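# Observations on chain architecture
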Amino acid sequence: MKYHFDELINRKNTGCVKWDKAFPACDKDILPLWVADMDFPCAEAIQQALKEKVDEQIYGYNTGFTPAYRQAVCGWFSKRFDWEIDPDTIFYAGGVVPAIAYLLEIMSEEGDGVIISTPVYYPFRKKIEATKRVVVENPLINEHGMYRIDFDDLEAKMARNDVKGMILCSPHNPVGRIWTKEELLKIVTLAKKYDKWIISDEIHCDLVQKDYEHQPLLKLAPEAKDRIVVCTAPSKSFNLAGLQNSNIIICNEKWQKKWTSYVMERLSLNGPNSFAIAATIAAYTKEDSEQWLADVNAYVDENDAFARACIQQYLPEAIISPRQGTYLLWVDVRAYCEDEKQLEETMLKEGLILDEGYLFGEAGKGFERINLACPRSIVETCVKRLCDALHK
Ligand SMILES: Cc1ncc(COP(=O)(O)O)c(C=O)c1O
């Protein structure tokens, strides 16, 4: 490993939402392991690219998605996943969440149903509701912490006329699943059978546990490219969320045209800012960035093993889902608490802020999501506070 992540960098008062959000008063220093952003310094190659950009001294209009930019994105996915992207199918959005909102506007009408597999990343629901579409839940089946898709239910929902498509979270936040080829192909088969689209949010694709491999949906099912949109971004993989950049892969010409007229012409969202461009190219092309990512994944795997062992020792009835992807640990603590709001309050008294399971839907009630992308000492304190809160 070139990089080690034990050092705690003080992020307070830097305007970062994770540490600077105004939390209710508490006697202890708050440990905020909620939002999915890392407390690790970025790869040196990315820092260097940003410094060089700053040194240019003039920050005027940029050339946007140049061939070099597009090639950097394509090169990354080709090398890492053996997925060949046509450079002309890459579209800019300032994030995957806004992209999902634009896609819903483009690919469906008000009142249409959109499937999500719950518990799931809560902005999916929010964007469906904000665009006046209707959430259609396909609850995941939870077998002692291991989640799988209920395909009978999914087929019943896909068969509905009011349903137009599905937002797939792959890898899945918060349950940590990396969907297998078989599972993904089954979803595509149903989408084809019932003529539905799939928005595949693959923002966590680079964050994988060592024994697992993420499968890009468009690589697996190229023949279904006109019904699939894949959302990618360097932000989660390289901790660049504040630079607000994502690359949305749209192959369907009708949707490409709609994206151009709605997002680019009407909303005037044409391309990333100069710093996001520099950072994305460095992230996707420099060997150092790749090394950094490998080291992050290895460090997070160790954090996972550490947290898992402690939780199992002190909370033997907690059920920890196998984390195949993401850097998020999904823990079922229902054996220790009946009232999730009360638990949230007790945790706050202990100085701990996690993403509460209920945020991800009904099926998340009584669960906690722990962000493991932080120095081990923080994980240690977090687990201690979690155990203390639950024992209270
Ligand atoms: C599944 C998923 N999609 C999207 C995002 C956020 O994307 P963005 O910051 O690009 O809007 C997150 C962040 O946690 C996420 O987990």
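A few points on the structure. Keep in mind that what you see is a predicted model, and the values were worked out from it rather than measured. (Residues numbered from 1 in each chain as written. Predicted model: local features only at pLDDT ≥ 70, side-chain atom pairs only at ≥ 80, totals over all residues. Heavy atoms only, no water.)

Residues in a regular strand project their side chains so that they alternate between the two faces of the sheet. Where burial is concerned, most of strand β9 (residues 228-232) is hidden: five out of the five residues are buried. Going residue by residue along β9, you find I228, V230 and T232 tucked away on one face and V229 and C231 tucked away on the opposite face as well. Pairing analysis gives four bridges linking strand β8 (residues 197-201) to β9, with the strands arranged parallel. Within the sheet, the bridge partner assigned to S200 lies in β9 and is V230. Alignment of β9 against strand β10 (residues 246-250), held across four bridges, turns out to be antiparallel. (Buried < 20%, exposed > 50% of the residue type's maximum accessible area, 1.4 Å probe, protein only. Helix = DSSP H or I, 4+ residues; strand = E, 2+ residues; numbered from the N terminus. Pairing = 2+ DSSP bridges.)

A few words now on the packing of aromatic side chains. Under the defined criterion, the tally for this structure stands at 23 aromatic pairs. Aromatic pair W76 and F238: ring centres 5.4 Å apart, planes at 65 degrees, arrangement edge-to-face. With W76 in helix α3 (residues 67-81) and F238 in helix α9 (residues 234-238), the pair connects residues that are 162 residues apart, well separated along the chain. Comparing W76 with F238, the two get one shared label, buried. Relative to F360, the ring of W330 has its centre 5.5 Å away and its plane inclined at 80 degrees; by these criteria the two rings are edge-to-face. Here W330 is found in strand β12 (residues 328-332), whereas its partner F360 is found in the loop between β13 (352-356) and β14 (367-371), with 30 residues between them in sequence. The class for W330 is buried, based on a relative accessible area of 1%. On the accessibility criterion, F360 (2% relative accessible area) is buried. Taken together, the ring pairs in this structure connect Y3, F5, F40, W76, F77, F81, W83, F238, Y284, W292 and Y299 into an aromatic cluster. The side chain of K21 reaches across the aromatic face of W34, ending 4.7 Å from its centre. Over the ring of F151 we find K186; its NZ or CZ atom is 4.5 Å from the centre of that ring. (Phe/Tyr/Trp six-rings, centres within 6.5 Å; stacked < 30°, edge-to-face > 60°. Lys NZ or Arg CZ within 6 Å of the ring centre and 35° of its normal.)

Around the ligand, the surrounding shell consists of A36, G95, V96, V97, P98, Y121, C169, N173, D201, I203, H204 and K236. Measuring from an oxygen atom of the ligand, one finds a backbone N or O atom of V96 at 2.7 Å. Between the ligand and the protein, one listed contact pairs an oxygen atom with a side-chain N or O atom of K236 at 2.8 Å. For the ligand, whose unbound accessible area comes to 400 Å², protein coverage reaches 88%. When its residues are assigned to classes, the shell around the ligand shows seven nonpolar, three polar and two charged. (Near = heavy atom within 4 Å. Polar contact = N/O pair within 3.5 Å; in protein donor to acceptor, adjacent residues only side chain to side chain. Areas by Shrake-Rupley, 256 points an atom, 1.4 Å probe, with all protein chains shown as cover. Nonpolar A, V, L, I, M, F, W, Y, C, P; charged D, E, K, R; others polar.)

Next up on the list: the sheet that holds strand β4 (residues 134-137). Across the sheet, seven strands lie side by side as β2-β10-β9-β8-β7-β3-β4; this open sheet has mixed pairing. The strands lining the two open edges of the sheet, one partner per strand, are β2 (90-93) and β4. If you compare each strand with its neighbour and ignore which way they point, the axes differ by 25 degrees on average. Sheet topology note: the β2/β10 ladder contains four bridges and is antiparallel. Pairing of Y92 across the sheet is with N247, part of β10. Each of β3 (113-116), β4, β7 (163-169) and β8 touches helix α5 (residues 123-130); the most contacted strand, β4, lies at about 140 degrees to it. (Axes fitted to C-alpha atoms, helices over the stretch in contact; angles between N-to-C directions. Contact = heavy atoms within 4.5 Å.)

The values reported here are purely geometric and, on their own, carry no functional implication.
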